[in-house]
Amino acid sequence: MAATEHRLSLDAEKQSLLDLHTEKHFTAGEVVRDIIIGVSDGLTVPFALAAGLSGTNATSAIVLTAGIAEVAAGAISMGLGGYLAAKSDADHYARELKREQEEIIAVPETEAAEVAEILAQYGVEAHEYAPVVNALRKNPQAWLDFMMKFELGLEKPDPRRALHSAMTIATAYIMGGLVPLAPYMFIPRASEAVVISVVVTLIALLIFGFAKGHFTGNKPFRSAFETALIGAIASAAAFGMAKAFKA
């Protein structure tokens, strides 16, 4: 009786500690990754295209038409790429899940040995992991989940992930692509609009790079500088090549 009360007291104390401790983990990594992919390409590619066309003395109307066409095509292409990538991850998980299910049924002793090996890698002694192995063998679903996560390093994908990824990347690409094109909507002369486009886009790249560094755990100022530098190099290369071929 006393042992039971002591155990209940310990469980209550542990629960109290868990309630008081709030872990602040960032759990939107996949969404942020999609946004980064979409915005970074959306800012850079139309920016370089607009700068290159401006180097040929094209009018703002032509630059804007070409830019919008590129943004539309780029958003579709990038969104489709995100969809196929997420779909491929889901298909891979399904194949590995089926294979692992078959192995647990066909060669349970081998799979149990693999569980023991995995736990041993974490410093768990044989007399400590034996009860864990036996417990998993009594619960096939938990055993399967354990093998998928710790043997193969695979997390069950969200079934809606592919569509969400496609929409997020495409939307981010459009939002990023409209930034360098905005000055051409209001300034008829492309030679003047490109100057404003460069300034606006570089500022946007700096802000985006800083935010990217913040969310990904990198140094924000370094990330801002690197992102802006890449965009500047891309636009300068496009502008220079347009001038060279025009000459």
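Our subject is the structure that appears above.
All values derive from a computational prediction rather than experimental measurement.

**Here's the deal with helix H4 (residues 108-121)**
Piece 1. Counted at 1.5 Å a residue, the expected span for H4 with its 14 residues is 20 Å, and the 20 Å between its end C-alpha atoms agrees.
Piece 2. All buried positions along H4 are accounted for by Glu111, Ala112, Val115, Ala116, Ile118 and Leu119. The buried residues of H4 all sit within an arc of 160° when viewed along its axis, so they share a single face. Those residues of H4 that are exposed and aimed more than 90 degrees away from the buried face are Glu109 and Gln121.
Piece 3. Its buried side turned inward, H4 meets helix H3 (60-106), helix H5 (126-137) and helix H6 (140-151).
Piece 4. A positive backbone phi angle near 85° is found at Gly123, which sits one or two residues after H4.

**Some remarks on the environment of Ile35**
Piece 1. Relative to the helices and strands, Ile35 is located in helix H2 (residues 29-54).
Piece 2. Owing to a relative accessible area of 36%, Ile35 belongs among the partly exposed residues under this scheme.
Piece 3. Expressed as a C-alpha distance, the spacing of Ile35 and Met167, which sit 132 residues apart in the sequence, is 10.0 Å.
Piece 4. Apart from the residues lying within four places of it in its own chain, the contact partners of Ile35 are Ser40, Thr168, Ala172 and Phe208.

**Here's the deal with the packing of aromatic side chains**
Piece 1. As enumerated under the stated definition, the model contains 1 aromatic pair in all.
Piece 2. Between Phe210 and Phe221, the ring centres sit 5.2 Å apart and the planes meet at 75°, which makes this aromatic pair edge-to-face. Taken together, the positions of Phe210 in helix H8 (residues 190-216) and Phe221 in helix H9 (residues 220-246) put the pair 11 residues apart, joining distant regions of the chain.

Conventions adopted
- Residues numbered from 1 in each chain as written.
- Predicted model: local features only at pLDDT ≥ 70, side-chain atom pairs only at ≥ 80, totals over all residues.
- Heavy atoms only, no water.
- Helix = DSSP H or I, 4+ residues; strand = E, 2+ residues; numbered from the N terminus.
- Expected span 1.5 Å × (residues − 1).
- Buried < 20%, exposed > 50% of the residue type's maximum accessible area, 1.4 Å probe, protein only.
- Arc of directions from axis to C-beta.
- Contact = heavy atoms within 4.5 Å.
- Phe/Tyr/Trp six-rings, centres within 6.5 Å; stacked < 30°, edge-to-face > 60°.

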